Amino acid sequence: MNSKQLFFFSLLLLSVAMGMHWFKNRPKTAPQIMDRPRTAINIGDLQLQDDSEQGTENGSETADIDKKTGQGTETASGSSTLPASETVTIEDPLTSDPVIIAFKNLKRNLFEKSPYSKLAEEARALSGKTEEISDTTVKKSVSLLTANFSATINIRNELVAIIDSRLYRKGDVFQDKKITEILNELVVVENKNARQLIPKTGVNISIAEDGTYTVEDSFHKN
């Protein structure tokens, strides 16, 4: 036996030894449980009943029991009547309901105006009168104020007045008075009691006794 045959023979022995070792030490597997055989069952053999059939059977059974025990009597016309102990008395809502009783005892007409609405109207009328009285009684005196109103500048669609070489906008304070209006010909300043007008240079303002005034621009007139 040459070396080549000896090599293959040793391989064969090695494979046989390894196979025997694996067969002895192989992993254990759980035994398989066979499923139970399935069988077909006819639905009719299950003896199933619908709820309606059970209800009719129960109803017939209770009817038979009522007939046997004698609960409830039938009149000549065929309608069933309850025993005297189970009779229900129905009260008339027109005489028993507290809301309807209170509605009947109501003395005020439902379609007339509520006294609260009348009071609200009187309060509105009084408030309107007080506003009219305040507007008529409180009148501010109108006079001229001496100042150097030289020109106006239009900045972003807003007139700015130059008074005594300073810029003033509407809402600013000039000599402890608030500027309420700026026009091209005059500036109006006011406080709680008085309204004063600052004419532009070259503008003449004449004030009447009732507080109205007229403006005459001599510069543009010439």
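Before any of the text, the structure's been laid out above.
### Overview of the nonpolar core
One finds L145, F149, A161, I163, Y168, F174, I179, I182, V187, V189 and I198 forming the largest nonpolar core, which totals 11 residues. Secondary structure elements with two or more residues in this core: strand 5 (159-163), strand 8 (177-182) and strand 9 (186-190). If we skip the residues at most four places from it in the chain, F174 touches L145, A147, I163, D164, Y168, I179 and I198.

### A look at the packing of aromatic side chains
Enumeration over the complete set of coordinates arrives at two aromatic pairs. Summarising the aromatic geometry, the rings of Y168 and F174 are spaced 5.3 Å apart at their centres and angled 85 degrees between planes, so their arrangement reads as edge-to-face. The burial state of Y168 is the same as that of F174; both residues are buried.

### Points about the layout of surface pockets
Volume-wise, the second largest pocket comes out at about 160 Å³. Residue lining of the second largest pocket: K139, K140, S141, V142, R195, A208, E209, D210, G211 and T212, and that is the complete set. Looking at the lining of the second largest pocket residue by residue, the class counts come to two nonpolar, three polar and five charged.

### As for the pattern of salt bridges
Scanning the model with the defined rule gives two salt bridges in all. Of the charged contacts, one joins R169 and E158 as a salt bridge, the two residues approaching to 3.3 Å between their closest N and O atoms. You can see R169 sitting in the loop between strand 6 (166-168) and strand 7 (173-174) and its partner E158 sitting in the loop between strand 4 (149-154) and strand 5, a full 11 residues away along the chain. With a relative accessible area of 30%, E158 lands in the partly exposed category. Between R195 and E190 there is a salt bridge whose closest N-O contact spans 2.8 Å. The class of R195 is partly exposed, set by a relative accessible area of 32%. Residue E190 is classed as buried on the basis of its relative accessible area of 16%.

### Considering the sheet that holds strand 6
The three strands lie next to each other as 4-5-6, forming an open sheet whose pairing is antiparallel. A strand with exactly one partner marks an edge of an open sheet, and here the two such strands are strand 4 and strand 6. On average, each strand axis in the sheet is tilted by 30 degrees relative to the strand beside it, whichever way the strands run. Of the strand pairs in this sheet, strand 5 and strand 6 are connected by three bridges, and their pairing is antiparallel. From the neighbouring strand, I163 faces strand 6, where its bridge partner is R166.

### Focus on unusual backbone geometry
If you check the backbone angles, N157 has positive phi at about 60 degrees while not being a glycine. One non-glycine residue, D164, lies in the positive phi region at around 55 degrees. Within the element layout of this structure, D164 appears in the loop between strand 5 and strand 6. Classification of D164 by relative accessible area gives partly exposed; the value is 38%.

What counts as what
- Note on numbering: residues in each chain are counted from 1, in written sequence order.
- A pLDDT threshold of at least 70 governs which residues receive local features in this predicted model, and a stricter bar of 80 or more applies before side-chain atom pairs are shown or counted, although totals over entire chains, interfaces and linings include all residues.
- Processing note: side-chain calculations cover all non-hydrogen atoms of the structure and skip hydrogens and water entirely.
- Here, nonpolar core refers to any group of buried Ala, Val, Leu, Ile, Met, Phe, Trp, Tyr and Cys residues whose side-chain atoms link them within 4.5 Å.
- Here the term buried applies to any residue with accessible area under 20% of the maximum for its type, exposed to any over 50%, and partly exposed to those in between, with areas from a 1.4 Å probe on protein chains only.
- Counting from the N terminus, the helices are the DSSP runs of H or I reaching at least four residues and the strands are the DSSP runs of E reaching at least two.
- Here, residues are in contact when the closest pair of their heavy atoms is within 4.5 Å.
- Any two of the Phe, Tyr and Trp rings considered here, Trp counted by its six-membered ring, make a pair once their centres fall within 6.5 Å; the pair's planes then place it as stacked at under 30 degrees, edge-to-face at over 60, or tilted in between.
- Whether a set of points on the 1 Å grid over the protein atoms alone is a cavity depends on a 1.4 Å probe fitting there but being unable to get out, while an open set qualifies as a pocket with protein on both sides within 12 Å along at least five of seven lines; lining residues are those with an atom within 4 Å of a point.
- Grid points are joined across faces, edges and corners, and a volume is the space filled by probe spheres set on the points.
- Throughout, the ten residues Ala, Val, Leu, Ile, Met, Phe, Trp, Tyr, Cys and Pro are labelled nonpolar, Asp, Glu, Lys and Arg are labelled charged, and all others, Gly among them, are labelled polar.
- A side-chain nitrogen of Lys or Arg and a carboxyl oxygen of Asp or Glu constitute a salt bridge if their distance falls within 4 Å.
- What makes two strands pair is DSSP finding at least two bridges between them.
- Think of each axis as a best-fit line through the C-alpha atoms, taken over the contacting stretch in the case of a helix, with angles from 0 to 180 degrees between the N-to-C directions.

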